[in-house]
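Residue-level listing of the chains:
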2 protein chains.
Amino acid sequence: MPSDRAAGRPRAAHKMVLVVRGELRLTAGKAAVQVAHAAVLLTQKASSRAPRELADWLADGQMKVAVTVPHLDEMEALERRARAAGIATVWVEDAGFTEVAPGTRTCLGLGPARVGDLDPITGGLDLL
Amino acid sequence: MPSDRAAGRPRAAHKMVLVVRGELRLTAGKAAVQVAHAAVLLTQKASSRAPRELADWLADGQMKVAVTVPHLDEMEALERRARAAGIATVWVEDAGFTEVAPGTRTCLGLGPARVGDLDPITGGLDLL
């Protein structure tokens, strides 16, 4: 999306990757909310720290990819690699009202960043 | 989230509701991305048109609820009721690279708004 950029355009040059923690076995709705939290937090971060990357990503149709890894330590390794590559990162910690304990890290958000910078880090991960 | 507001605090006074179109039978990952698109679009809309509601919602922990209704006409009815109540609305239309045709309406976003204003409109819907 948006739809007016759909037909035949080249794939986006910028994206966000949202990594859901698989071992928590969240429902589809709960996982969707965690992904959305991460996307909003990354957007807010970029608006102050990387407005040009944010504008590029929005102009590209705000591409997002939701993936999953089983365990927290794998998410932490992804975060370290992303930070080392200069990519913005954010953790979502759940308030714990429903499916998980308060403070549980549920999702890691990366970007927005150039696809060519993100793919070496997240390209091999399973789609959510 | 965030976690430091978790334990024992009162439920949020403001929220977003993200309505996924059930008949499309999106994968969990695709649905999560549509929900995140809606949340980012609503955040952007609120930052220019309703900064106080946005600030209240963020201060409340940016509560989001993902729900689903089967058909587009039900989503359109929800949108009309929300607009009549003065609640911000946004449609997500998919670019159609993968699971659906380009321009397909996949998700309706509502808010951020007071829980008491949203619940009469969306309170009876099924969680995603």
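Student: Looking at this model, I keep getting lost on unusual backbone geometry. Mind explaining?
Tutor: A negative phi angle characterises most non-glycine residues, just as the trans form characterises most peptide bonds. Residue and element names in this part refer to chain A. Of the consecutive residues Gly 111 and Pro 112, the connecting peptide bond is found in the cis state with omega at -5°. Tracing the chain through its elements places Pro 112 in strand β4 (residues 105-114). For Gln 62, which is not glycine, the phi torsion reads 40° and is therefore positive. Within the fold, Gln 62 resides in the loop between α2 (51-59) and β2 (64-69).

Student: Help me understand the packing of helix α1 (residues 28-49) of chain B against helix α2 (residues 51-59) of chain B, please; the structure alone is not making it clear to me.
Tutor: Each pair of packed helices can be summarised by the angle the axes make with each other and by the distance between the axes. All names here are of chain B. One can describe the packing of α1 onto α2 by two numbers: an axis separation of 6 Å at closest approach and a directional angle of 130°. One finds that α1 runs oblique with respect to α2. Here Thr 43, Ala 46, Ser 47, Ser 48 and Arg 49 of α1 come into contact with α2, specifically with Pro 51, Leu 54 and Trp 57. Of the residues contributing to the contact of α1 with α2, the split by class is 4 nonpolar, 3 polar and 1 charged.

Student: What exactly am I supposed to notice about the sheet that holds strand β3 (residues 89-93) of chain B here?
Tutor: Adjacent strands of a sheet pair through backbone hydrogen bonds, lying either parallel or antiparallel. With mixed pairing, 5 strands are arranged side by side in an open sheet as β3-β4-β1-β2-β5 (chain B). Two strands lie at the open edges of the sheet, namely β3 and β5 (126-127) of chain B, each paired on one side alone.

Student: Help me understand the packing of aromatic side chains, please; the structure alone is not making it clear to me.
Tutor: Two aromatic rings, taken as a pair, are described by how far apart their centres are and by the angle between their planes. Applying the stated criterion across every chain yields a total of 0 aromatic pairs over all chains. In this arrangement the basic side chain of Arg 105 of chain A is found over the ring face of Trp 91 of chain A, its NZ or CZ atom lying 4.2 Å from the centre.

What counts, and at which threshold
Note on numbering: residues in each chain are counted from 1, in written sequence order. Following the order in which they are written, the chains are lettered starting with A and the ligands numbered starting with 1. Given that the model is predicted, a residue must reach a pLDDT of at least 70 before its local features are reported, and side-chain atom pairs must reach 80 or more before they are shown or counted; all residues, however, enter totals for whole chains, interfaces and linings. Side-chain numbers come from the whole structure's heavy atoms, not from hydrogens or water. What counts as a helix is a DSSP run of H or I of at least four residues, what counts as a strand is a run of E of at least two, and both are numbered from the N terminus. Orientation is described by lines fitted to C-alpha atoms, with helices fitted over the stretch in contact, and by angles between N-to-C directions that extend from 0 to 180 degrees. Small angles under 35 degrees read as roughly parallel and large ones over 145 as roughly antiparallel, with 65 to 115 read as roughly perpendicular and the rest as oblique. The contact rule is simple, with two residues in contact once any of their heavy atoms fall within 4.5 Å. In this count, Pro and Cys sit with the nonpolar residues alongside Ala, Val, Leu, Ile, Met, Phe, Trp and Tyr, while Asp, Glu, Lys and Arg are called charged and the others, Gly among them, polar. If DSSP finds at least two bridges between two strands, the strands pair. Pairing of aromatic rings covers Phe, Tyr and the six-membered ring of Trp, with a centre-to-centre limit of 6.5 Å; geometry is then stacked below 30 degrees between planes, edge-to-face above 60, and tilted otherwise. Here, a charge over a ring means that NZ of Lys or CZ of Arg falls within 6 Å of the ring centre while also lying within 35 degrees of the ring normal.

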